[in-house]
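Below are the chains, spelled out letter by letter.
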Amino acid sequence: MRAFEAANALGPLARTGFKTIDLTGPGMFTVLTREFQADPWDTVDFLVKGLAPNEVRCGMRTISVMGFTHAPESIIDLWVKTLIKHGVNSFWIYDCAYDMPTMKRLVDVIIAEGGQAVPSAMYGLTSVHDDAFFAKHVKEMAGWKGIRSIYFEDAPGILKPERAKTLLPALKQAAGSMPLELHCHNNTGLAQHNYIIGLEAGIDILHTASRPMANGASLPSTESMVDIIEYMGHEHSLDKSQFPAVAENFIKMAHAGNHALGGPVEFDPRIYDHQLPGGMTGTLINQLARHGMGHRLDEVLRGIPQVRVDLGEPIMATPFSQFVGIQAVLNLVTGDPYSLVPDEVVHYLLEHYGPIFGPVNENVRDRILSSDRAKELAKWERPTPTIAEIRKGFARGISDEELLLRYMNSKEEVDRTIANGPVEKDPRRGANTIVSQVVDLVSESRKVTSMSFANEDFKVSVSKKERVSK
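Residues numbered from 1 in each chain as written. Predicted model: local features only at pLDDT ≥ 70, side-chain atom pairs only at ≥ 80, totals over all residues. Heavy atoms only, no water.

(A) Summary view of the overall build of the protein chain. A tally of helices and strands in the protein chain yields 22 helices and 9 strands. Here the C-alpha radius of gyration of the protein chain, 24 Å, is about what a compact globule of 470 residues would show, namely 23 Å. Each principal axis of the C-alpha atoms in the protein chain carries an extent, and together these give about 90 × 60 × 50 Å. The 470 residues of the protein chain split such that 50% are buried. Here the protein chain displays about 22,800 Å² of accessible surface, and carbon together with sulfur accounts for 52% of that area. Placing the 49 positive and 58 negative side-chain charges of the protein chain at their respective mean positions leaves the two points 6 Å apart. (Helix = DSSP H or I, 4+ residues; strand = E, 2+ residues; numbered from the N terminus. Rg over C-alpha atoms; globule rule 2.2 N^0.38 Å. Buried < 20%, exposed > 50% of the residue type's maximum accessible area, 1.4 Å probe, protein only. Areas by Shrake-Rupley, 256 points an atom, 1.4 Å probe, with all protein chains shown as cover. Lys, Arg positive; Asp, Glu negative; His and termini not counted. Charge placed at Lys NZ, Arg CZ, Asp CG, Glu CD.)

Following this line, the structure appears as structure tokens:
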């Protein structure tokens, strides 16, 4: 979301009374830089200022910033430090491999820099991740010094109410006095039910979204959950009078940018087999269409469950959902499963992304790791350069902000982003097509001498000056 697209929602959001506003993450920086060449740091500054004095949050993985590759710890630490400098002081951090020492290291870094660390437990429907597994890790997180809450996420939206009735109370008991946050995507339409069960289990922090951006692959709407909370006899601190202005802004920006609005989705039981998160599903559909394979989506979805089991039933969230989905596509395209394997899948099987808890298909493991490429990657070690060493590869004197952008994006993308200067912050100029329409119409007809256009925000009148011969 670009700055101008959020501008008119910032004031009402700031006045609503949320505990935390989840604002940004590496994905936002990637899209702004690569797709729009819009300065993400300028965007963050604008959003943070508009949401003051609310606590704002960034989501991030434990071993990388942008993309799937391992980033040096020095880059991850600089990312945290720089975001805190820009007013983003809360971080929910996740590791689908439950590499607890790595997560604990990042928790300590965030707290040492003066930020709030919120470690997360990511849900998956597998034969190895039972209630005891999740409770054990939540209990360990609750013992880490300096944290104020723990975050539980169901990214694919596959938590069923009957499982929630055993799992959520177990998590609450494991967390003890530590507050739990509940974040359930609504892919199956069951998230509200799970939130109700969470409330009954003593969980009192729920993640929601403004209705135009809620439901489906997103979260339950703030509007619906407030109604449910009140119906259940609970109290909340939100000013409901601010909801319409926020929703109105996002509806208007969605129409202007040709973006889909949020809404309920039809129930599809296949999700319990492939377990793809909503964002990953959309990306997969787009990528298949881009390569002329859009008609083969159902075949890919049928192939994903087997790949997921073959690879030891990883939690299906970034990056493992991408690894499984890409491998399923390659198996389909080649017709020879695991004859073509991305480096990331090899790294995964070598446990460079963390421990694998489920049983891996040994035939698959042997085929993948017997390749020359796998033998080469087996010698891989995570890069450990210092920031001083990394700086030697770039122009002298650049800021930490520019260093991070250049380290994680191409030179051309960053050069264009910097050349564009400050981002557009005025929705009247950023979102309306009225000016371009005027220009197009004037250029189409030399007979037009004047015209006037108006919408609900403003009116534009233009006229041609007559040329005088001398």
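Back to the text.
(B) Expanded view of the pattern of salt bridges. Per the counting criterion, the structure on display carries 21 salt bridges. We note a salt bridge from Arg163 to Asp131, for which the minimum N-O separation is 2.7 Å. Taken together, the positions of Arg163 in helix α7 (residues 161-175) and Asp131 in helix α6 (residues 131-142) put the pair 32 residues apart, joining distant regions of the chain. Comparing Arg163 with Asp131 shows no difference in burial state: the two are buried. Among the ionic pairs, Lys411 bridges to Asp415, the shortest N-O distance being 2.6 Å. Of this pair, Lys411 and Asp415 both sit in helix α20 (residues 411-419), separated by 4 residues, roughly a single helical turn. Overlapping salt bridges, with partners in common, bring together Glu402, Arg406, Lys411 and Asp415 in one network. (Salt bridge = Lys/Arg side-chain N within 4 Å of Asp/Glu carboxyl O.)

(C) Geometry of helix α12 (residues 278-290). Across its 13 residues, α12 extends 19 Å between first and last C-alpha, which sits within 8% of the 18 Å expected from 1.5 Å per residue. All of the buried residues along α12 are Gly278, Met280, Leu284 and Leu288. Axial view of α12: buried residues confined to an arc of 160°, hence all on one face. Projecting away from the buried face of α12 at angles above 90 degrees are the exposed residues Gly279 and Arg290. Of the surrounding elements, those touching the buried residues of α12 are α13 (297-310) and α14 (320-334). In the segment just after α12, Gly292 is the residue with positive phi, at about 70°. (Expected span 1.5 Å × (residues − 1). Arc of directions from axis to C-beta. Contact = heavy atoms within 4.5 Å.)

(D) Geometry of the pairing of strand β4 (residues 116-122). Here β4 lies mainly inside the structure; 7 of its 7 residues are buried. Covered by surrounding structure in β4 are Gln116, Val118, Ser120 and Met122 together with Ala117, Pro119 and Ala121, the residues of both alternating faces. Tracing the backbone out of strand β3 (residues 90-94), into helix α5 (residues 100-112) and back to the parallel element β4 gives a crossover that is right-handed. Examined bridge by bridge, β4 and strand β5 (residues 150-154) share 3 bridges and lie parallel to one another. Paired with Ala121 across the strands is Phe152, a residue of β5. (Right-handed = clockwise from strand over helix to strand, strands pointing away. Pairing = 2+ DSSP bridges.)

(E) Representation of the nonpolar core. One finds Trp79, Phe91, Tyr98, Met122, Phe152 and Ile304 to be the most contacted residues of the largest nonpolar core, which totals 121 residues. It is helix α4 (residues 73-85) that provides the largest number of residues to this core, a total of 7 residues. (Core = buried A, V, L, I, M, F, W, Y, C linked by side-chain atoms within 4.5 Å.)

(F) Expanded view of the layout of surface pockets. The calculated volume of the second largest pocket comes to roughly 400 Å³. Residue lining of the second largest pocket: 19 residues in total, with Asn187, Asp268, His274, Thr281 and Ile285 positioned closest to the centre. Secondary structure elements with two or more residues in the lining of the second largest pocket: α11 (271-274), α12 and α13. The greatest single-element share of the lining of the second largest pocket, amounting to 5 residues, is contributed by α12. Its residues placed into classes, the lining of the second largest pocket shows 8 nonpolar, 8 polar and 3 charged. (1 Å grid on protein atoms, 1.4 Å probe; cavity = no way out; pocket = protein on both sides within 12 Å on 5 of 7 lines; lining within 4 Å. Points joined across faces, edges and corners; volume = space filled by probe spheres on them. Nonpolar A, V, L, I, M, F, W, Y, C, P; charged D, E, K, R; others polar.)

(G) Region of the structure containing unusual backbone geometry. For the bond from Ala52 to Pro53, the omega torsion is 5°, close enough to zero to count as cis. On the secondary structure map, Pro53 appears in the loop between α3 (40-51) and β2 (55-61). Here the amide bond leading from Thr318 into Pro319 is cis, since omega sits at 5°, within 30 degrees of zero. With respect to the secondary-structure elements, Pro319 resides in the loop between α13 and α14. Although it is not a glycine, Glu313 adopts a positive phi angle of roughly 55°.

(H) A look at the packing of aromatic side chains. One pass over the structure, following the stated rule, counts 17 aromatic pairs. When the ring of Phe267 is compared with that of Tyr272, the centres are 6.2 Å apart and the planes differ by 50°; the resulting orientation is tilted. Centre to centre, the rings of Phe320 and Tyr353 are 6.3 Å apart; their planes meet at 85°, and the pair counts as edge-to-face. With Phe320 in helix α14 and Tyr353 in the loop between α15 (343-349) and α16 (362-369), the pair connects residues that are 33 residues apart, well separated along the chain. Neither Phe320 nor Tyr353 differs from the other in exposure class; each is buried. Among the aromatic residues, those joined into a ring-pair cluster are Tyr98, Tyr123, Phe133, Phe134, Phe152 and Phe357. A cation over an aromatic ring shows up here: Arg2 above the ring of Phe36, its NZ or CZ 4.0 Å from the ring centre. (Phe/Tyr/Trp six-rings, centres within 6.5 Å; stacked < 30°, edge-to-face > 60°. Lys NZ or Arg CZ within 6 Å of the ring centre and 35° of its normal.)

(I) Here's a closer look at the packing of α7 against helix α8 (residues 191-200). Where α7 meets α8, the closest approach of the two axes is 9 Å, and the angle between their N-to-C directions is 25°. Taken together, the axes of α7 and α8 are roughly parallel relative to one another. Note that α7 runs across α8; the crossing there is right-handed. Only His193, Asn194, Ile197 and Gly198 of α8 make contact with α7, whose side of the interface consists of Pro161, Ala164, Lys165 and Leu168. For the contact of α7 with α8, the per-class residue count stands at 4 nonpolar, 3 polar and 1 charged. (Axes fitted to C-alpha atoms, helices over the stretch in contact; angles between N-to-C directions. Parallel < 35°, antiparallel > 145°, perpendicular 65-115°, else oblique. Left-handed = near helix turned anticlockwise from the far one by under 90°.)

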